[in-house]
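Structural features, examined
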Amino acid sequence: MENQLAKSIEERTFQYQGSLPSLPVPSLKESLKKYLESGWWCSMQSPALDILLMSFMSYQRTWYLLAVCKLANIKPFANEEEYKKTEEIVQKFENGVGEKLHQKLLERAKGKRNWLEEWWLNVAYLDVRIPSQLYVNFVGPSPHFEHCWPAMEGTQLERGSIILWHNLNYWQLLRREKLPVHKSGNTPLDMNQFRMLFSTCKIPGIARDSIMNHFRTESEGHCPTHIAVLCRGRAFVFDVVHEGCLITPPELLRQLTYIYKKCSSEPVGAGVAALTSEERTRWAKAREYLIGLDPENLTLLEKIQTSLFVYSMEDTSPHVTSEDYSEIFEMLLAGDPAVRWGDKSYNLISFANGLFGCCCDHAPFDAMVMVNIAHYVDERVLETEGRWKGSEKVRDIPLPEELVFTVDEKVLNDIYQAKAQHLKGASDLQIAAYTFTSFGKKVTKKEALHPDTFIQLALQLAYYRLHGRPGCCYETAMTRYFYHGRTETVRSCTVEAISWCQSMQNPSTSLLERHQKMLQAFEKHNKMMKECSNGKGFDRHLLGLLLIAKEEGLPVPELFEDPLFSRSGGGGNFILSTSLVGYLRVQGVVVPMVHNGYGFFYHIRDDRFVVACSAWRSCPETDSKKLVQMTFHAFHDMLQLMNTAHL
């Protein structure tokens, strides 16, 4: 990291933004060909496309989570007659309305450097009405407990001052554009999402939310310099810059201690923050009422919205070890909604036993942004052995300001209802987060097998064994080679992957044939990942065609009403929602996209794989713990298969 920072003197964080290529529109013929290949096996559609389809066909958005339950019994395979009919529909689409929509999409792309950006933000995030704090946000524990900071009561405030200091230094690097530009080889990647980390907040709307971003680099001008602190239902703000420089850990400790003692000796606050955990339209209406009750409430809301980030002080003490992260994940997602501002891009959460984590709104950026800052902070904690080694002097800085909202019985009832619905949903959440320690990246690399693909195929085999059918799955691919690029969907449930899974379950299949089929599945997945990262995926393309039809006031094309399309993703049928979190010590998780599905997120190290899997307890079909255990068994089976092939 230090070497990268030295190099960054010559390069500014955002200097390549103007020269990045525009997001391309893929070939219609190729996109439809890939769609047919994926649709033959199992359902795996983009969440944005699913959400839009339901809206486009006049369904209520609140139906979203219920609809997927009805899809649980859809068979994952198409028979020959169904597939032939779908081929005819695709051919008709390609030669007819599809080509017209494609041409209109190409026209749109001529006038925009990223034809998808606004659409994706609206359809995937801002139009969604379900509560975002639990169902959309992503969370992750800080890895400091693995080295300098094991869980210990009485350390929350001191450690909090140090972790705040390192986060603020990262903010300062970004302000000065000294954060290294991310690159793939020598090719710079888009860095725009990093602008959304600080001083960013989602604002609820009746039909569509919006995002307010107040971050500015030093060359661009003034930027907010305060943070918000939530503790026991109360809210505070204080400035982190004094006399032109960041306040130090001893000074931060004084501020945190003041807040903690005040909240410990006085009544619990109203917990206005809990409103951010509500269904989006209800929260928008509650916010309008809150502002109408007292205009000063808007001023207080804006202080939280513009803050660099929210620092959440929890009273709970989750258990965690380097082998089992399950409880801290559940507490990060299901914790006290009165000390989370669910709309903030970054909630830094501190627990009573000196553990930390984050809860982030997914709309403004993807998890790689949080992985980067979490790794930076973790490295700083390691370097300093978790201690502050500078001056203990505390300057005469203003005490934190408490934000006291004007509330009435209606607001208090809204808060009560928000807490109740959040805690009810959270109680249904099951998370299994464990570490596989038998081997890691070193072993898979030695076999010339990509470790990410290794885990994806193991997951396919695990799901196949556990449920007796293919696992409808998508994996996130990044498209940051392009201007404001975010993600594309890799459909991991390929013909080759299922053929290999079937061979592993067939006792008459030879080890040689199993090994050959596994290598074929590896090759196909690697090819898809490369294509998607290079703007040649098809999920976002199909989304674009559907959105063009909507904007033109056209009927839903037959392609999207085809029963096989529904089985391949229409209606929200994402059984496996997966993503590689990275190759560092940082881990994260999101809830399942559907009621009968799983969220499956993992990071890869030289000697281990760490997996976090989420499911809903109320679904009798799913069990996150069993899926993780089956995946670990699949790791061993794949290693044995590789070793046998050498004999």
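Below: a short report on this structure. (Residues numbered from 1 in each chain as written. Predicted model: local features only at pLDDT ≥ 70, side-chain atom pairs only at ≥ 80, totals over all residues. Heavy atoms only, no water.)

1. Remarks on the sheet that holds strand β18 (residues 598-604)
The test is simple: At least two DSSP bridges between two strands are required for those strands to pair. Here a helix means four or more residues in a row that DSSP labels H or I, a strand means two or more in a row labelled E, and each is numbered from the N terminus. Lines fitted to C-alpha atoms define the axes here, with helix axes fitted over just the stretch in contact, and angles between the N-to-C directions of these axes take values from 0 to 180 degrees.
On the basis of which strands lie adjacent, the open sheet formed by six strands has the order β14-β19-β18-β17-β15-β16 and mixed pairing. Bordering the open sheet on either side are β14 (429-436) and β16 (487-490), each of which pairs with just one other strand. When strand polarity is set aside, the average angle formed by the axes of neighbouring strands in this sheet is 25°. Sheet topology note: the β18/strand β19 (residues 609-616) ladder contains six bridges and is antiparallel. Across the sheet, the residue bridging to I604 is F609, located in β19.

2. Description of the pattern of salt bridges
Short version of the rule: Basic side-chain nitrogens of Lys or Arg form a salt bridge, by our definition, when they fall within 4 Å of a carboxyl oxygen of Asp or Glu. Any residue under 20% of the maximum accessible area for its type is buried, any over 50% is exposed, and the rest in between are partly exposed; the area is computed with a 1.4 Å probe on protein chains only.
A full pass over the atoms with the stated rule returns 41 salt bridges. Note that R195 is salt-bridged to E220, the shortest N-O span being 2.7 Å. Of the two residues, R195 sits in the loop between β3 (187-188) and β4 (200-203) while E220 sits in the loop between β5 (210-213) and β6 (226-231), which places them 25 residues apart along the sequence. Look at R195 and you get buried, because its relative accessible area is 17%. Overall, E220 belongs to the partly exposed group, its relative accessible area being 42%. Two residues, E401 and K303, come together in a salt bridge whose shortest N-O distance is 2.8 Å. Taken together, the residues E401 in strand β13 (residues 401-403) and K303 in helix α12 (residues 295-306) connect sequence positions 98 residues apart. By relative accessible area, which is 35% here, E401 ends up partly exposed. One continuous salt-bridge network, built from bridges that share partners, spans R129, D209, R280 and D343.

3. Things to note about the nonpolar core
Heads up, the rule is: In plain words, nonpolar cores are sets of buried Ala, Val, Leu, Ile, Met, Phe, Trp, Tyr and Cys residues tied together by side-chain atoms within 4.5 Å. Two residues qualify as a contact provided that any one of their heavy atoms is within 4.5 Å of a heavy atom in the partner residue.
Within the largest apolar cluster, 81 residues are counted, with the highest numbers of intra-cluster contacts made by L197, F198, I227, F309, Y346 and M370. A per-element tally of this core places helix α9 (residues 156-175) first, with 10 residues. Those residues within four positions of F309 in sequence are excluded, and the remaining contacts are L164, N167, L168, F198, I227, A228, K344, Y346 and L348. With 48 residues, the next largest nonpolar core counts I455, V594, Y598 and F635 among its residues.

4. Thoughts on the environment of D127
Relative to the helices and strands, D127 is located in the loop between α7 (117-126) and α8 (132-135). The class of D127 is buried, set by a relative accessible area of 8%. Linking D127 and R280, residues 153 residues apart in sequence, is a C-alpha distance of 9.1 Å.

5. Points about the state of the cysteines
So the rule is basically this: Counting rule for disulfides: a pair of cysteine sulfur atoms within 2.5 Å.
Under the defined criterion, the tally for this structure stands at zero disulfides. Between C245, a free cysteine, and C223, which holds the nearest cysteine sulfur, the sulfur-to-sulfur gap is 17 Å. Its relative accessible area of 34% is what places C245 among the partly exposed residues. Here C358 stays free of any disulfide, with the sulfur of C360 as its closest cysteine sulfur at 4.0 Å.

6. Side note on the side chain of H515
Looking at the secondary structure, you find H515 in helix α19 (residues 511-533). Its relative accessible area of 16% is what places H515 among the buried residues. Beyond its immediate sequence surroundings of up to four residues, H515 is in contact with L641, M642 and A645.

7. Description of the sheet that holds β6
Strand order across the open sheet formed by seven strands is β1-β12-β11-β10-β6-β7-β13, with mixed pairing between neighbours. Taken across any chain shown, the strands that pair with only one partner, and hence form the sheet edges, are β1 (138-141) and β13. Each adjacent strand pair in this sheet contributes to an overall mean axis angle of 25°, direction not counted. Sheet analysis places β6 next to strand β10 (residues 310-313), joined by four bridges and oriented parallel. Opposite A228, over in β10, you have V310 as the bridge partner. Its contacts with the sheet put helix α13 (residues 326-334) on β1, β11 (347-350) and β12 (356-360), and the angle it makes with β1 is roughly 140°.

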